[in-house]
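Residues per chain are reported as follows:
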Amino acid sequence: MVEWRQLKPLEWCKYVNKKVKVTAQEKHQYDGWVFTVDPVSASIVLVTVQEKGGTATVRVVTGHAVLEVEVLQEGSEETACWLRDVFTPPGGRILSP
Amino acid sequence: SPRFLALCPTSISSSTGSGSDPVQMGEEQCARSALREGFLRALVAMTNKPVQFDMYERVKVHATFGSSDIDVLNFQVSDLHTPIGVQKEALLRCQDVILYSFDL
Amino acid sequence: SCRSSALPPSERPGERRGAEMKKLYGVDAAKIQGMETAMQLTFDRNCDRKQPKYWPVIPLKL
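Predicted model, so just to flag it, every value in this text is computed and none were measured.

Our next topic: the overall build of chain A. The number of helices and strands found in chain A is 2 helices and 5 strands. Overall, chain A shows an N-to-C arrangement of helices and strands of α-β-β-β-β-β-α. Burial status across chain A gives 46% buried among its 97 residues. Counting only contacts in chain A whose residues sit at least 6 apart along the sequence, the fraction spanning at least 24 positions is 51%. As displayed, chain A offers around 5200 Å² of accessible surface, 49% of which is attributable to carbon and sulfur atoms.

This is the structure:
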């Protein structure tokens with residue numbers, strides 16, 4: 001695989017909404033649904049839920065630590081919808097307090 | 001800027017590589033925008049939340065997330081619990097971090 | 001300032017940055033730049049107010 005950080009935005013996009021296993025430096029492995037990949041740092045934002053409607057856990061693997069990304073499961077329309085709403089701020093919260 | 005130089009070859013190669021295809025370049029900009037916006041929203045969602053940082057050398061710390069600079073080089077956090085005590089206000093270097101995680 | 005001398009000087013929003021943003025983000029450049037500016041302002045303000053120190057003092061990863 002071409003180095004993760006060297007990929008282009010359209011290539012990172014192919015991972016969005018899919019379930020992946022990320023292998024990172026120091027033998028760490030994380031899996032989850034890809035919400036996005038930061039095009040500046042190549043960091044991957046993974047979301048997982050224990051059960052439907054439960055609390056979502058967000059894990060961000062820093063781009064410099066990513067060694068390999070393997071697709072475990074394709075995304076569905078349902079996944080895409082659910083992921084899209086994960087970070088929708090309640091009540092239109094804005095950046096500055 | 002260094003950030004632009006790091007990102008620029010992508011857009012240059014896509015615009016010159018296939019005979020200056022403006023459609024492809026537009027698609028790439030669109031993809032980059034969507035990805036970046038999602039990431040910035042995730043960072044905003046992390047504000048004031050307890051966040052765990054898994055760092056190199058198997059160091060694990062947790063803290064309340066404050067903010068990050070736009071290049072995501074530094075995390076500004078409060079109440080950082082380290083193996084050797086609590087630091088009220090701290091900066092973590094992104095380059096020291098492998099994973100950061102939080103619950104929504 | 002809270003940032004050590006090891007860091008590059010922070011970017012100032014300006015014409016150059018605007019052109020870079022346009023090339024990278026196309027029609028969405030203004031939106032992305034707006035979000036980034038707000039984030040950077042929060043970071044700068046928090047650093048000024050709280051004076052955080054680096055932890056660990058020496059980087060784990062050079």
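If you tally the helices and strands in chain C, you get 2 helices and 1 strand. When the helices and strands of chain C are placed in sequence order, the string is α-α-β. In chain C, which comprises 62 residues, the share counted as buried stands at 39%. As displayed, chain C offers around 3800 Å² of accessible surface, 60% of which is attributable to carbon and sulfur atoms.

This part takes up the packing of helix 2 (residues 22-46) of chain B against helix 2 (residues 29-50) of chain C. Taken N-terminus to C-terminus, the directions of helix 2 of chain B and helix 2 of chain C make an angle of 25°; their axes are 10 Å apart at the nearest point. The angle between helix 2 of chain B and helix 2 of chain C places the two elements in the roughly parallel class. Helix-helix and strand crossings are classified by hand; for helix 2 of chain B and helix 2 of chain C the assignment is left-handed. Along the contact surface, helix 2 of chain B presents Ser33(B), Arg36(B), Glu37(B), Leu40(B), Arg41(B) and Leu43(B), while helix 2 of chain C presents Lys31(C), Ile32(C), Met35(C), Glu36(C) and Met39(C). Grouping the constituent residues of the contact of helix 2 of chain B with helix 2 of chain C by class yields 5 nonpolar, 1 polar and 5 charged.

Moving on, we come to the pattern of salt bridges. Considering all chains together, one arrives at 11 salt bridges over all chains under this definition. A salt bridge links Lys50(C) to Glu89(B); its shortest N-O distance comes to 4.0 Å. With one member in each of two chains, Lys50(C) in helix 2 and Glu89(B) in strand 4 (residues 85-93) form a pair that bridges those chains. Between Asp96(B) and Arg93(B) there is a salt bridge, and its shortest N-O distance comes to 3.5 Å. A network of salt bridges, in which partner residues are shared, links Asp38(A), Arg36(B), Arg17(C) and Glu36(C).

Predicted confidence across chain A gives a mean pLDDT of 88, with 88% of residues reaching 70 or more. Scored below 50 in pLDDT, residues 92-97 of chain A shows 8 contacts in the model against residues more than four places distant or in partner chains.

What follows deals with the interface of chain C and chain B. Every contact between the two is made by 34 residues of chain C and, on the other side, 41 residues of chain B. For the chain C and chain B pair, buried surface summed over both sides reaches about 3600 Å², with 62% attributable to carbon and sulfur atoms. Here chain C is connected to chain B by 3 salt bridges. Across the salt bridge formed by Glu36(C) and Arg36(B), the nearest N and O atoms sit 2.8 Å from each other. Applying the counting rule to chain C against chain B returns 17 residue pairs in polar contact (both at pLDDT 80 or more). For the side of chain C that touches chain B, the secondary-structure elements that each account for two or more residues are helix 1 (15-25), helix 2 and strand 1 (53-54) of chain C. Take the side of chain C that touches chain B: its biggest share by element is 11 residues, from helix 2 of chain C. Taken together, the residues that form the side of chain C that touches chain B break down as 18 nonpolar, 4 polar and 12 charged. Pairing of strand 4 of chain B with strand 1 of chain C involves 2 bridges; the strand directions are parallel. Looking at strand 1 of chain C, one finds that Leu91(B) is bridged to Tyr54(C).

Here we come to the packing of aromatic side chains. Per the stated rule, a full pass over the model turns up 7 aromatic pairs over all chains. With centroids separated by 5.2 Å and ring planes inclined at 75°, the aromatic side chains of Trp4(A) and Tyr15(A) adopt a geometry described as edge-to-face. Within this pair, whereas Trp4(A) is found in the segment before helix 1 (9-13), its partner Tyr15(A) is found in the loop between helix 1 and strand 1 (19-24), the two being separated by 11 residues in sequence. A relative accessible area of 1% means that Trp4(A) is categorised as buried. Counting every residue linked through ring pairs, the aromatic cluster contains Phe53(B), Phe65(B), Phe75(B) and Tyr100(B). In this structure, Arg93(B) packs its charged tip against the face of Tyr54(C), placed 4.4 Å from the ring centre.

In this section: the nonpolar core. Soluble globular proteins: nonpolar side chains tend toward being buried together. One finds Phe87(A), Phe53(B), Phe75(B), Val77(B), Leu92(B) and Tyr100(B) to be the most contacted residues of the largest nonpolar core, which totals 42 residues. The leading source of residues in this core is helix 2 of chain B, at 6 residues. The contact partners of Val77(B), leaving out residues within four places of it in the chain, are Phe53(B), Ala63(B), Thr64(B), Phe65(B), Gly66(B), Lys88(B), Glu89(B), Ala90(B) and Leu92(B). Counting residues in each nonpolar core, the second largest holds 21 residues, with Val20(A), Tyr30(A), Val61(A) and Leu99(B) among its members.

Analysis parameters
Residues numbered from 1 in each chain as written. Chains lettered and ligands numbered in written order. Predicted model: local features only at pLDDT ≥ 70, side-chain atom pairs only at ≥ 80, totals over all residues. Heavy atoms only, no water. Helix = DSSP H or I, 4+ residues; strand = E, 2+ residues; numbered from the N terminus. Buried < 20%, exposed > 50% of the residue type's maximum accessible area, 1.4 Å probe, protein only. Contact = heavy atoms within 4.5 Å. Areas by Shrake-Rupley, 256 points an atom, 1.4 Å probe, with all protein chains shown as cover. Axes fitted to C-alpha atoms, helices over the stretch in contact; angles between N-to-C directions. Parallel < 35°, antiparallel > 145°, perpendicular 65-115°, else oblique. Left-handed = near helix turned anticlockwise from the far one by under 90°. Nonpolar A, V, L, I, M, F, W, Y, C, P; charged D, E, K, R; others polar. Salt bridge = Lys/Arg side-chain N within 4 Å of Asp/Glu carboxyl O. pLDDT = per-residue confidence, 0-100. Buried area = accessible area lost by both parts, 1.4 Å probe. Polar contact = N/O pair within 3.5 Å; in protein donor to acceptor, adjacent residues only side chain to side chain. Pairing = 2+ DSSP bridges. Phe/Tyr/Trp six-rings, centres within 6.5 Å; stacked < 30°, edge-to-face > 60°. Lys NZ or Arg CZ within 6 Å of the ring centre and 35° of its normal. Core = buried A, V, L, I, M, F, W, Y, C linked by side-chain atoms within 4.5 Å.

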